[in-house]
Amino acid sequence: MKNLDRGKHVNNVVLLIFNIDCIWTKCQMSQNTPSLLYESATFKITVFKDSLYFQVIFNTIIPDHNAGVFNPPSSTNTNSGTSLDGLIQVLFGGLRRWDAVYFTHIAEHGYTYENTVAFFPLYPVSVRIIASTVLFPLSFVLNHSNIILLTSVCINLVLFVMSAETLFLLGRHVLKNDSIAFKAALLFCVNPASIFFSAPYSECLYFYLTVNALLQLEKRCLLTSVILISLSILTRSNGLLNICYFLYFVLKQVITRILRLWRMSTVNVQTFTTLPLIFIVNTVIPYSALFIIAIIPFIIYQIYCYKLYCVKELHIEVPEYLIEYGNKNNLKVPGSSLASQWCHDIIPLAYRYVQITYSTLTTAVCSLLKNKRWHKMYNKKRNSVHSF
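What you see is a predicted model; the values in this text were computed from it and never measured.

Definitions and cut-offs
- Residues numbered from 1 in each chain as written.
- Predicted model: local features only at pLDDT ≥ 70, side-chain atom pairs only at ≥ 80, totals over all residues.
- Heavy atoms only, no water.
- Disulfide = S-S within 2.5 Å.
- Helix = DSSP H or I, 4+ residues; strand = E, 2+ residues; numbered from the N terminus.
- Buried < 20%, exposed > 50% of the residue type's maximum accessible area, 1.4 Å probe, protein only.
- Contact = heavy atoms within 4.5 Å.
- Axes fitted to C-alpha atoms, helices over the stretch in contact; angles between N-to-C directions.
- Parallel < 35°, antiparallel > 145°, perpendicular 65-115°, else oblique.
- Left-handed = near helix turned anticlockwise from the far one by under 90°.
- Nonpolar A, V, L, I, M, F, W, Y, C, P; charged D, E, K, R; others polar.

Draft legend 1. Summary view of the state of the cysteines. Following the criterion strictly, the structure yields one disulfide and no others. Here Cys 310 pairs with Cys 343 through a disulfide, and the sulfurs are 1.9 Å apart. Negative torsions about the S-S bond denote left-handed disulfides, and the value of about -75° found for Cys 310 with Cys 343 makes this one left-handed. With a gap of 33 residues between them, Cys 310 in the loop between α11 (269–309) and α12 (320–328) and Cys 343 in the loop between α12 and α13 (350–358) connect regions that are remote in the sequence. Comparing Cys 310 with Cys 343 shows no difference in burial state: the two are buried.

Draft legend 2. How the structure looks around the environment of Ala 350. Along the chain, Ala 350 turns up in helix α13. Take Ala 350: its relative accessible area is 1%, and that puts it in the buried class. For the pair formed by Ala 350 and Gln 302, sequence separation is 48 residues and the distance between their alpha carbons is 7.6 Å. If near-sequence neighbours (up to four positions away) are discounted, Ala 350 is found in contact with Val 117, Gln 302 and Trp 342.

Draft legend 3. Quick peek at unusual backbone geometry. Of note, the phi angle at Arg 220 is positive, near 65°, even though the residue is not glycine. Mapped onto the elements, Arg 220 comes out in the loop between α8 (203–218) and α9 (222–233). Look at Asn 330: it is not a glycine, yet its phi comes out positive at around 55°. Looking at the secondary structure, you find Asn 330 in the loop between α12 and α13.

Draft legend 4. Summary view of the packing of α8 against α9. It is at 8 Å that the axes of α8 and α9 come closest, and there the two elements cross at 160°. The angle between α8 and α9 falls in the class roughly antiparallel. Judged by the sense of rotation from one axis to the other, the crossing of α8 with α9 is left-handed. Across the interface between the two elements, Tyr 206, Leu 209, Thr 210, Asn 212, Ala 213, Gln 216 and Leu 217 of α8 pack against Leu 222, Thr 224, Ser 225, Leu 228, Ile 229, Leu 231 and Ser 232 of α9. Classifying every residue of the contact of α8 with α9 gives eight nonpolar, six polar and no charged.

Shown next as structure tokens:
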């Protein structure tokens, strides 16, 4: 694990140093350049290419460490097949690490294990659809696992460019300053976490949906903004926090409308009697409908998880080799005889249970907190003995 972490940090530092001069040069050049979007797109593709370049180098020179994390077998051996399969593994194999394993597994097999439901479906489903349609001709020269990996990287390349350009448009709309907005977009491209925008992670899709939702909110396109927020919720669990942007906007609008209606009622007495009805029709009903639209995808996904792992009304085919891997690693598959604890909750939400039960990081944090608590109690008892 230390080797992987060290390689990742070296990658980020080198990438940041490598591009810092390019950022300054671009910012200086772009002050009077009309084609800012074209320039920024070219720069983003260069950054993406550099990120992949350093990934290949460090994945080659730093050996992988068996951290004992989730790494189920694929439908085909990723290292077998044609020479083109080998090339894909050399170029992009280092990106299939940690959470990327979950996303590529879901895209390839679906939610075959209970611990995978913590990873929301929009990104892996999108990868699966594009791999099965647009990139289907590649199935004649690549095995399916490598097609999934290649599709993930291609999707994130497109989303990376679109995200930075949308960030530029949002900055220009809010700040009314092209130069600052352009610099912000360039800095976004080389942020230390940019490697996660190259790997098969959902961060790129989530960021694009979130920034685009904010842009549409600034433009007062409420329905479009809410749809984008609902899609962000379907991408990552913390997308639920994006509803706060919408609620903040609604709160300002509600206060403004109440004050306007109140001023109208002081001028016209008849308006005062119809004030509640006007407020309900023009404010409460529309905004409530938009809130429901935002939250519906999350509810649908939770129902799907409940039916798949609790009441077993849904069924997916799980290959025998995945069942063996699940049994070996104590992972629950659909159709298991015993339902998990979260299934019996008043509001059955799988995410918290999965994080506590299966997450290595959560287990380590809980252990650390317990040890700190024990040391605190021990030191308190020892100090009381010494004082006595």
